[in-house]
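Remarks on the overall topology
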Amino acid sequence: MDGFTSITLSSYDWKKCITTDVLRFSYNTSLSDTVEIFLSHHLLQAPVVDEEGTLIGIIDSQNVLKGLNSLEDYGLARTTLIREFIQKPEVVINIDDDFDLHVKDIIERQISAYVIDQDGKLKGEISNTHVVQTLNVLYEDLEYFVSKVINLPYNGIIAINSQGTTIFYNHSAEQILGLPARDMIGQSITKLLPESLTYKALKTGEAQHGVPLTYGDISVHADFIPVYAADKVLGAVAIFKDVTELEAVTDRLSTNQKLMATLEAIVENTYEGIIVINDQERIEIINRFFLDEMGMEAKDIVGKKINEISPESQLPNTLKTGEVQFGEHMQIGEKDFIIMRAPVERDGKIIGALGKTLFKNMELAKLFAKKVMRLEGDVAFYKHELCRFHSPQYAFSDIIGDSPSMQAAKTLAKRAARTNSTILLLGESGTGKEVFAHAIHETSHRKKGPLIQINCAAVPENLLESELFGYAEGAFTGARKGGKPGKFELADKGTIFLDEIGDMPLSMQAKLLRVLQEREVERVGGTQPIKIDVRVIAATNRDLYQMVIDHKFRLDLYYRLNVINIELPPLREREEDFEHLANSILKKLNHRLGSFIDGITPEAFDYLRSYDWPGNIRELENILERAIITCDESWIQVWHLSLPLHGNGDRQSGSGGLDGKSEALNSQNNHFMTLEEGLNEAECKMIQLALQRSHGNKMQAARFLGIHRSALYKKMSKHQLTHM
C-alpha cells in the first residue's frame, strides 16, 4: 500500500468489524451434533470455548470429516467429543492490541481472526469478507476525497505526460488561466502556454516552489514539480494556489496595523489625557498624560474599577445614562482640567465610556475661550450683516403720499401683506414698486424670513434658470462643488421679489409656472425636487395683458401672478404729494451726501411741477441729487435744476418769479440742445461744482459725485478740466 492509503487504513477503527454473535462450540459438544450444526449453518470453521467462554481453538469442516472417517461405526459419533479434533487458530487478536497489522495479515492470507479479551474469553470474529467490504467502502470514500482535493476551488492542477501533452486539467485551473479544459486536454501545453513552467520542470527535472504569478485579477503561488518513477521523469504537475483573498487579507492586516499605530500615537499624544472603561467599569485604556498627572503606572491601574482609582469619577454614570457631557470640570492632583465624557457604543449597545481632557491646562482653556468669544462676536456681526442684506429696507411708513390713489394702493398692500397670496405690482418705472415689495414683506408674518430679490431683465437668459432654481454639482463646466441654491431656495420661509417679470423669456415662464403650482424646484442638473415655502411678489412696468394678447406672455402664468393686483400711480398724478415727497427726498440726500441744504424755493417747486416726470420718483431723486451737488447756497433755486428738454431754468408756465440770474441763464440757453449735449453739459458743471466745494480735493469731489476717483480723472480729461 502507498503511504496515503496506509494512513487512511490505520486511522480506521477496525473494532467496528468485530462480529460478536459468532456461532461457537463447547469443547464437550459431540461430533454428531457438530456435523449437524456445520451442515445446517454451512460452516467451514468455528471457534471452540470452555465452560467459562475461554477460547480453546477452532474446529473446521475438514477436521470434522476426518473425525467421522476415523470411526468404525457412525453411531459412535454421538459419544465422541470434538475436543479430540480442535486446532489452534491461525490469528488471535487481543482486543487491546493494535489491529492494523492483523488486518493486513487477514487480507493477505484471506482468513478470519478471533478476538479475545485479557482473560482469553472470546469477544467475536473478524472475517476476511467483512474486512474486504470495509476496504471497498474506504477506497470509494478515498477516491471521492481525492477528487474533491484535486478540484478544490483554490487549487488549480495541471498534469502533463513525458511528451508535454496535457492529461489532467481541473476546473480551478480553467478559472485561473481562463482557458477551457476542452482546449487543453490532449494538447501540448506549450501550444497555448508557450512559456509554460510546467514544461520547463518536465525538461529540466527541477522543481520550482511558491512562484508568484498573476492571471487577470487572480494572484496565485504556483508549484511546478516533475514526476519520477525510479530515475525516469514520467511527467510534471503544476499546482496553482489562489492567494487573491490572502493578499487582500494581508493588505487589510497591514492597513489595520498602520491604523492601530496611528490610534496608538493619537492616544499617547502629550497634549490631552484619555481614559476608557469597559461595561464593567474597569479601566481598559489610560494614556501617559493621565498617568504622569496621577503619578502612577499603567500596570497599577489597568483592569481596576475606575472608582478604586478615582472615587469621584462620573464615567460610571456616563456608562449608565449614555449621555455625552462637554466642558465638565475635573481635578487631578492639584490641577484643574476641562474634560468631556461620552459613551462608547457598538451595534447600538453601550460597551464602555470615554473620558478626555479638552485642553492640556487651564491657560490653554482660557485662551481658547477668548478666541471663541471673539469668533462669536464676528459671527454675530456677519449674521447681522447677512440678515440686513436679506431684510427689507423699507416699511409702509417710508412710503410718502396722501393722494387718494396712493392711499388706496397702501391700503390694499397692507391687507395683502396679511395673506400668503401672490402679489403683482404694476406701475411705471420709478414709481416705488421695490419699496412696496419691501414694505409688504416687513408687515407680513414672513418678516423674520429672508427677502430675496432678482431682476429678471438684468440676468442673461442662459443664466436665469440657474439663478432662480440653482444647480447641482457637475451640472456644467465650472459648476461649484456641492452645487448652488437658487433664489427660490434662498427665499424659503420668506419672500421672493421678481422684478421686471414682464421681461422674462417665454421658456422660463413655463418653468416658473410649474414652481408656482407645485411649490417645489429642481436644480439644473439635479434629479430630486426640493420643497419650498415662498411668498411671491412680482413687479413690472409693462402691460402684461397686452403681452398675453401679443403671445409674449403666458396666459396661465398671468392668471397665477395676478391674484392681488396693486397699481402704483405715476408721480404726475400725485400733485398733492409732490412737495412733501420732494422735501423727504431732500432730507434723505442731505444725510447721504453730508450736505446742508435747507429746502427748495417756491419758484423751484413750480418749475419741478411743470415737468411730466416720465422717470417718476427715481428721476426726481436724481434731479435733486444733482441740484444739491451744484448748489452753493442754502436753498435750491431754479437754476440749480436741470430738467431734460427744459434747459436750466426754462419754465413752461412763464418766468414771472425769476430773478436776473435766472433770466441770464434763460438767455444763454434759448437754443434747443440734444439729449447728449445736455447730459455732457450737466456732467461738466457737476464736476466743476464738486471740485469747487472740495477745494480741488479729487478724492472728496469723487465722493460727492458718488464715483471712483479714477472715473473722476477720466471725466475731467474728457471735459478738459485737468488744469483745475
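This write-up is about the structure you can find in this document. (Residues numbered from 1 in each chain as written. Predicted model: local features only at pLDDT ≥ 70, side-chain atom pairs only at ≥ 80, totals over all residues. Heavy atoms only, no water.)

Notes on the overall build of the chain
When helices and strands are tallied, the chain shows 28 helices and 29 strands. Counting over 724 residues, the chain shows a buried share of 41%. Across the chain, contacts joining residues at least 24 apart in sequence account for 56% of those joining residues at least 6 apart. If you sum the accessible surface of the chain, you get close to 41400 Å²; carbon and sulfur atoms cover 52% of it. (Helix = DSSP H or I, 4+ residues; strand = E, 2+ residues; numbered from the N terminus. Buried < 20%, exposed > 50% of the residue type's maximum accessible area, 1.4 Å probe, protein only. Contact = heavy atoms within 4.5 Å. Areas by Shrake-Rupley, 256 points an atom, 1.4 Å probe, with all protein chains shown as cover.)

Digging into the pattern of salt bridges
Pairs can form between side chains of opposite charge whenever their charged atoms are close. Applying the stated criterion across every chain yields a total of 23 salt bridges. Notably, a salt bridge pairs R514 with E520, separated by 3.2 Å at the nearest N-O pair. Overall, the relative accessible area of 36% leaves R514 in the partly exposed class. The buried category is assigned to E520, whose relative accessible area is 12%. Two residues, K531 and E520, come together in a salt bridge whose shortest N-O distance is 3.3 Å. Taken together, the residues K531 in strand β23 (residues 530–531) and E520 in strand β22 (residues 520–521) connect sequence positions 11 residues apart. Where salt bridges share partners, they join E575, E579, D606 and R609 into one cluster. (Salt bridge = Lys/Arg side-chain N within 4 Å of Asp/Glu carboxyl O.)

Let's talk about the sheet that holds strand β4 (residues 92–94)
Strand order in the open sheet formed by 3 strands is β4-β5-β6, and the pairing between neighbours is mixed. A strand with exactly one partner marks an edge of an open sheet, and here the two such strands are β4 and β6 (122–126). The mean inter-strand angle of the sheet, taken between neighbouring strand axes irrespective of direction, is 30°. The pairing of strand β5 (residues 113–116) with β6 spans 4 bridges and is antiparallel. Residue A113 lies in a different strand from β6, and its bridge partner there is I126. (Pairing = 2+ DSSP bridges. Axes fitted to C-alpha atoms, helices over the stretch in contact; angles between N-to-C directions.)

Regarding helix α3 (residues 61–69)
Along α3, the residues that are buried comprise N63, V64, G67 and L68. When α3 is viewed along its axis, its buried side chains cluster within an angular range of 140° and face the same direction. Facing away from the buried surface of α3 by more than 90 degrees, the exposed residues are Q62, L65, K66 and N69. Considering only its buried residues, α3 is in contact with α2 (31–41) and β3 (55–60). (Arc of directions from axis to C-beta.)

Observations regarding unusual backbone geometry
With phi around 70°, E281 is a residue other than glycine that occupies positive phi space. Locating E281 in the fold gives a position in the loop between β12 (274–278) and β13 (283–286). Residue K493 is not a glycine yet carries a positive backbone phi of 70°. Mapped onto the elements, K493 comes out in the loop between α18 (487–490) and β21 (494–499).

Let's talk about the pairing of β6
When you tally the buried positions in β6, you get 4 out of 5 residues, the bulk of the element. Here β5 folds back onto β6 in antiparallel fashion, the turn holding 5 residues, of which G120 has a positive phi close to 85°.

A look at helix α17 (residues 461–469)
Looking at α17, one finds that the buried residues are L464, S466, L468 and F469. On its buried face, α17 sits against β18 (451–455), β19 (470–471), α18, β21, α19 (506–518) and β22. G470, located one to two residues past α17, shows a positive phi value of around 80°.

Thoughts on a nonpolar patch on the surface
A surface patch of nonpolar side chains, amounting to about 430 Å² of accessible area, comprises Y545, I549, L555 and Y559. Listed by contribution, the elements that provide at least two residues to the nonpolar patch are α20 (544–549) and α21 (555–561). In this structure, I549 sits in helix α20. (Patch = residues over 30% accessible without salt bridge, like charges linked within 9 Å, V, L, I, M, F, W, Y side chains within 5 Å.)

Description of the nonpolar core
One broad rule of soluble globular proteins: the nonpolar side chains tend to lie buried together. Grouped together as the largest cluster of nonpolar side chains are 32 residues, with contacts concentrated most on L468, F488, L498, I501, M504, L512 and F553. Among the secondary structure elements, those contributing two or more residues to this core are β17 (423–426), β18, α17, β21, α19, β24 (534–540), α20 and α21. Among the elements that take part in this core, α19 stands out by supplying 5 residues, more than any other. If we skip the residues at most four places from it in the chain, F488 touches L468, F469, I496, L498, L512, V515, V521, I532, V534 and V536. Core analysis: the next-biggest nonpolar cluster, separate from the first, contains 28 residues, L571, L586, Y607 and C631 among them. (Core = buried A, V, L, I, M, F, W, Y, C linked by side-chain atoms within 4.5 Å.)

A closer look at the packing of helix α22 (residues 578–593) against helix α24 (residues 616–630)
The contact between α22 and α24 brings their axes to 10 Å, and the two run at 50°. Considered as vectors, α22 and α24 are oriented oblique to each other. Our pair here, α22 against α24, has a crossing hand that is right-handed. Judged by residue contacts, F578, L581, A582, I585, L586, K588, L589, N590, R592 and L593 of α22 engage I617, L620, E621, L624, E625 and I628 from α24. (Parallel < 35°, antiparallel > 145°, perpendicular 65-115°, else oblique. Left-handed = near helix turned anticlockwise from the far one by under 90°.)

A few points about the packing of aromatic side chains
Inspection of the entire model under this criterion finds 9 aromatic pairs. Geometrically, the ring pair formed by F224 and F240 is edge-to-face, given 6.0 Å between the ring centres and 85° between the ring planes. In this pair, F224 sits in strand β10 (residues 218–229) while F240 sits in strand β11 (residues 232–242), placing the two residues 16 residues apart along the sequence. For the pair formed by F224 and F240, the shared burial category is buried. Relative to Y558, the ring of Y545 lies with its centre 5.9 Å away and its plane at 55°, an arrangement referred to as tilted. Placement of the pair is Y545 in helix α20 and Y558 in helix α21, with a sequence separation of 13 residues. (Phe/Tyr/Trp six-rings, centres within 6.5 Å; stacked < 30°, edge-to-face > 60°.)

Quick look at the environment of F38
Tracing the backbone shows F38 in helix α2. Leaving out residues up to four positions away in the same chain, F38 has contacts with F25, L43, L44, Q45, A46, I59, D60, S61 and V64.

Here we look at the side chain of S403
Mapped onto the secondary structure, S403 falls in the loop between α14 (362–389) and α15 (404–417). On the accessibility criterion, S403 (1% relative accessible area) is buried. There is a polar contact of 2.8 Å between the side chain of S403 and the side chain of D577. What S403 contacts, discounting residues up to four positions off in sequence, is R574, E576 and D577. (Polar contact = N/O pair within 3.5 Å; in protein donor to acceptor, adjacent residues only side chain to side chain.)

Some thoughts on the sheet that holds strand β1 (residues 25–26)
In space, the 3 strands of this open sheet follow the order β1-β2-β3, with mixed pairing throughout. What marks the edges here is a single partner per strand, and that holds for β1 and β3.

A look at the environment of V344
Relative to the assigned elements, V344 resides in strand β15 (residues 335–346). The partly exposed category is assigned to V344, whose relative accessible area is 29%. Residues V344 and L319, 25 residues apart in the sequence, show an inter-C-alpha distance of 8.3 Å. Those residues in contact with V344, other than ones at most four positions away along the chain, are K349, I350, I351, G352, A353 and L354.

Remarks on the packing of helix α26 (residues 675–693) against helix α28 (residues 709–718)
α28 packs onto α26 with a crossing angle of 120° between their chain directions and a minimal axis gap of 11 Å. In terms of orientation, α26 lies oblique with respect to α28. As α26 runs across α28, the sense of the crossing is left-handed. Across the interface between the two elements, N680, E683, I687 and L691 of α26 pack against L712, K715, M716 and K718 of α28. Class assignment of the residues belonging to the contact of α26 with α28 gives a composition of 4 nonpolar, 1 polar and 3 charged. (Nonpolar A, V, L, I, M, F, W, Y, C, P; charged D, E, K, R; others polar.)

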